[in-house]
Amino acid sequence: MGHGHHHDHTQPDWAAMAPMLERQAEIAAPVHLQAATWLRELRPHPRLIVDAGSGPGVVTCLLAQVFPDAEVVAVDSAAPLLELAAERAARAGLADRVRTLHTELPAGLERLAPVDIVWAGRSLHHIGDQQAALAAFAEHLAPGGVLALQEGGLPTRWLPRDIGFGRPGLQSRLDAAEENWFAEMRAALPGSENVTEDWPALLAAAGLRHGGTRSFLLDLPAPLTHDARSHAMDVFTRIREALAEQLPADDLSALDRLLDPADPGGLRLRPDAFALGARTVHLGVRPGAEPPVA
Ligand SMILES: C[S@@+](CC[C@H](N)C(=O)[O-])C[C@H]1O[C@@H](n2cnc3c(N)ncnc32)[C@H](O)[C@@H]1O
């Protein structure tokens, strides 16, 4: 996974997904901004921030902007995504404070420790042994340092229950099918371990104090912008490919119509498409001297 070399069908081809990851993070920027602002309340003056599983660095750059005194390191196992992260940082005038580190996490963090903030945005669930990875993240935090774990929330809805063709409830069925895909993806990871996804409990088991959990709403009402529609098309294209074997024929036909750019009922043109979802962030604080709140 993410190594860029061997691709089995259960693991995402991260480099190929680069444009989608970039657009997805750009669309969710208001959500990430709220989460980062919350983090800043707890830890106002970090010197070193690690974006663990940064992908193309959209959130890396946002963190560098929210924390203007900090150095931010984008860490990822997909080298092409780190190149994009570095290019993005240069375009944003952040090249002096944004670095990249190519490594297969959880290895490699010892080269950066002690870290004031580790941000792990939907990356932990791509690591086989999540508890071991959390322990490694925790170990490399400075005393009082914070691990911000973005996991869970609510899957994004793009369409009403009844879209005017096919059987109503398509999105619920896609969510259910995606759960199967997710379970297969996890099972196929090297060193895969099942854990109960009680994130605060997993943070505690890694030796961190639970610093709070909050969910942030992604709420883009209809009509969607061109970029948001493009992202919706990406999402449904990926679903169509990944879940083709699981879905009944009528749902596949509905997906084909949604993906037809010329169909007035398709995601590109239909007026009622929206984006509504939620991202949950759990904070774990390393015990020790915590800096005074500014
Ligand atoms: C779903 S993407 C999230 C990207 C970014 N954090 C965001 O929220 O936009 C997951 C990222 O984690 C990276 N990743 C997965 N497993 C990894 C590992 N073991 N070490 C480093 N990066 C990893 C992938 O290459 C990918 O860029």
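Residues numbered from 1 in each chain as written. Predicted model: local features only at pLDDT ≥ 70, side-chain atom pairs only at ≥ 80, totals over all residues. Heavy atoms only, no water.

Asker: Please clarify how the nonpolar core should be interpreted in this entry.
Answerer: A general trend in soluble globular proteins is that nonpolar side chains are found buried together. With 65 residues, the main nonpolar core has Phe236, Leu255 and Leu258 as its most contacted residues. Broken down by element, this core gets its largest block of residues, 7 residues, from helix α3 (residues 58-66). In terms of nonpolar packing, the next biggest core, distinct from the first, is built from 26 residues, Leu48, Ala52, Leu124 and Phe137 among them. (Core = buried A, V, L, I, M, F, W, Y, C linked by side-chain atoms within 4.5 Å. Buried < 20%, exposed > 50% of the residue type's maximum accessible area, 1.4 Å probe, protein only. Helix = DSSP H or I, 4+ residues; strand = E, 2+ residues; numbered from the N terminus.)

Asker: Sorry if this is basic, but what is going on with the side chain of Asp116 here?
Answerer: Here Asp116 lies in strand β4 (residues 115-121). On the basis of relative accessibility, which here comes to 2%, the residue Asp116 falls in the buried class. Polar contacts involving the side chain of Asp116 include one to the side chain of Arg43, which spans 3.0 Å. Only 2.8 Å separates the side chain of Asp116 from the backbone nitrogen of Arg47, close enough to count as a polar contact. Beyond its immediate sequence surroundings of up to four residues, Asp116 is in contact with Arg43, Pro46, Arg47, Leu48, Leu141, Ala142, Gly145 and Val146. (Polar contact = N/O pair within 3.5 Å; in protein donor to acceptor, adjacent residues only side chain to side chain. Contact = heavy atoms within 4.5 Å.)

Asker: What is the right way to look at the pattern of salt bridges in this model?
Answerer: Pairing between side chains becomes possible if they bear opposite charge and their charged atoms approach one another. Per the counting criterion, the structure on display carries 14 salt bridges. Of the charged contacts, one joins Arg99 and Glu71 as a salt bridge, the two residues approaching to 2.4 Å between their closest N and O atoms. Of this pair, Arg99 sits in strand β3 (residues 98-102) while Glu71 sits in strand β2 (residues 71-76), and the two are 28 residues apart along the sequence. Taking the relative accessible area as the measure of exposure, Arg99 reaches 39% and is therefore partly exposed. Assessed through its relative accessible area of 30%, Glu71 is described here as partly exposed. Here Asp263 makes a salt bridge to Arg257, at a shortest N to O gap of 2.8 Å. Through salt bridges with shared partners, one network takes in Arg167, Arg173, Asp250 and Asp251. (Salt bridge = Lys/Arg side-chain N within 4 Å of Asp/Glu carboxyl O.)

Asker: What is the right way to read the sheet that holds β3 from this model?
Answerer: Each strand in a sheet pairs with another by means of backbone hydrogen bonds, the pair being arranged parallel or else antiparallel. One open sheet holds the 7 strands; their spatial order is β3-β2-β1-β4-β5-β7-β6, and the pairing between them is mixed. Either end of the sheet is taken by a strand with one partner, and the two such strands are β3 and β6 (209-220). The average undirected angle you get between the axes of adjacent strands in this sheet is 20°. Sheet topology places β4 next to strand β5 (residues 141-157); 6 bridges connect them, and they run parallel. Bridge assignment links Trp119 to a residue of β5, and that residue is Ala148. Across the sheet, helix α4 (residues 79-91) touches β2 and β3, and the angle it forms with β3 is around 175°. (Pairing = 2+ DSSP bridges. Axes fitted to C-alpha atoms, helices over the stretch in contact; angles between N-to-C directions.)

Asker: Which parts of the structure should I look at to understand helix α2 (residues 29-42)?
Answerer: Counting along an α-helix, one turn takes 3.6 residues, and residues three or four places apart therefore face a common direction. Taking 1.5 Å per residue, 14 residues should reach 20 Å; α2 reaches 20 Å between its end C-alpha atoms and fits that length. Listing the buried residues of α2 in full gives Val31, His32, Ala35, Ala36, Trp38 and Leu39. The buried residues of α2 occupy an angular sector of 155° when projected down its axis, which confines them to one face. Summarising the contacts, the buried residues of α2 are in contact with α1 (18-27), α3, β4, β5, β6 and β7 (275-285). (Expected span 1.5 Å × (residues − 1). Arc of directions from axis to C-beta.)

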